[in-house]
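This is what each chain is made of:
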Amino acid sequence: MDVHPRHPAKISILLADITTLKVDAIVNAANNYLLGGKGVDGAIHSRAGPGLLEECRRIGGCPTGEACITQGYHLAARWIIHTVGPIWRGGNNGEDDLLACCYRNCFALAEQHGIKSIAFPAISAGAYGFPMERACQIALAEMSTFLEKCDEIEVIAVCFSTRAYLCYQDALRGL
Ligand code: AR6
């Protein structure tokens, strides 16, 4: 696990399955329909159980770049914050800003709900095709900016592959 030098013990990079983490909230890389899918979304729905799908149905959807919150159901995490990352379309269609908005909106919900530890997957960097290096840079920049104004939340960047882990480490050094 690597710790951000400017925020000791507050931001860390972890190679793990996000659904196993005992944190206050995990973030889901969802789609606009909030009805489950593949990747981390599928893993979260399958581990959380059917109550999650019911609550997501009631919410009714989420625009790209925004976020909403549900209970964690059978997860160890109390909350799930669902956000919808942009689909990569070459990089000149507002993708960077939309991805940054995902992180900011997740942090806003975390603050509103008194969440003290939050774990993020690499939003958009799987099925949505965002280049991993760029996604990691945006993620860590937003995490770092948030922690500059609110350092009471522990932030975990979760990697699902060694490649993602190395990308996060590089991005951390480049901050
Ligand atoms: N724990 C942590 N990270 C994971 C896990 C896991 N269990 N599983 C996958 N990842 P993706 P997106 C990583 O495709 O690109 C879904 O179908 C994965 O290796 O899950 O935002 C939704 O319904 C990658 O680095 O999300 C949407 O339709 C990262 O999580 C669409 O995919 C994100 O990959 C969203 O695509």
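Keep in mind that what you see is a predicted model, and the values were worked out from it rather than measured.

Reading the values: rules and limits
Residue numbering note: each chain is counted from 1, following its sequence as written. For a predicted model such as this one, the threshold for reporting local features is a pLDDT of at least 70, and the threshold for listing and counting side-chain atom pairs is 80 or more; totals across whole chains, interfaces and linings nevertheless cover every residue. In computing side-chain values, all of the structure's heavy atoms are included and hydrogens and water are not. Any residue with at least one heavy atom within 4 Å of a molecule or strand is counted as near it. Polar contact is defined as a pair of N or O atoms within 3.5 Å, subject to the rule that within protein one atom must be able to donate a hydrogen and the other to accept it, and that residues adjacent in sequence are counted only when both atoms are side-chain atoms. In this description, accessible areas are obtained by the Shrake-Rupley approach with a 1.4 Å probe, and a residue is regarded as covered only by the protein chains that are shown. Side-chain classes follow a simple rule in which Ala, Val, Leu, Ile, Met, Phe, Trp, Tyr, Cys and Pro form the nonpolar group, Asp, Glu, Lys and Arg form the charged group, and the remainder, Gly included, forms the polar group. For the purposes of this section, nonpolar cores are sets of buried Ala, Val, Leu, Ile, Met, Phe, Trp, Tyr and Cys residues that join through side-chain atoms within 4.5 Å. Burial here depends on accessible area, computed with a 1.4 Å probe over protein chains only, as a share of the maximum for the residue type. Under 20% is buried, over 50% is exposed, and the range in between is partly exposed. Each helix corresponds to a stretch of at least 4 residues labelled H or I by DSSP, and each strand to a stretch of at least 2 residues labelled E; elements are numbered beginning at the N terminus. By the convention used here, residues are in contact when the closest approach between their heavy atoms is within 4.5 Å.

Visitor: When you look at the site of the ligand in this model, what are you seeing that I'm missing?
Guide: Close to the ligand lie 22 residues; Asn-31, Lys-38, Asp-41, Gly-126 and Ala-127 are nearest. Here Asn-31 contributes a side-chain N or O atom positioned 2.8 Å from an oxygen atom of the ligand. In the environment of the ligand, an oxygen atom lies 2.7 Å from a nitrogen or oxygen atom belonging to the side chain of Asp-41. Notes on the ligand: free accessible area 710 Å², of which the protein chains cover 88%. Here the residues of the shell around the ligand are counted per class, giving 13 nonpolar, six polar and three charged.

Visitor: Teacher, can you tell me more about the nonpolar core here?
Guide: As a rule of thumb, soluble globular proteins bury nonpolar side chains together. If you look at the biggest cluster of nonpolar residues, it comprises 42 residues, and the most contacted ones within it are Ile-81, Ile-118, Phe-120, Met-143 and Tyr-168. When residues of this core are traced back to their parent elements, those giving at least two are strand S2 (11-15), strand S3 (25-29), strand S5 (79-83), helix H3 (95-112), strand S6 (117-120), helix H4 (132-149), strand S7 (154-159) and helix H5 (162-174). It is H4 that provides the largest number of residues to this core, a total of nine residues. Once residues lying within four places of it in the same chain are set aside, the contact partners of Ile-118 are Ala-25, Val-27, Ile-81, Cys-106, Phe-107, Ala-110, Ile-153, Glu-154, Val-155 and Ile-156. Membership of the second largest hydrophobic core comes to 21 residues, among which are Ile-18, Ala-30, Ile-44 and Ile-156.

Geometric values such as these leave the question of function open.
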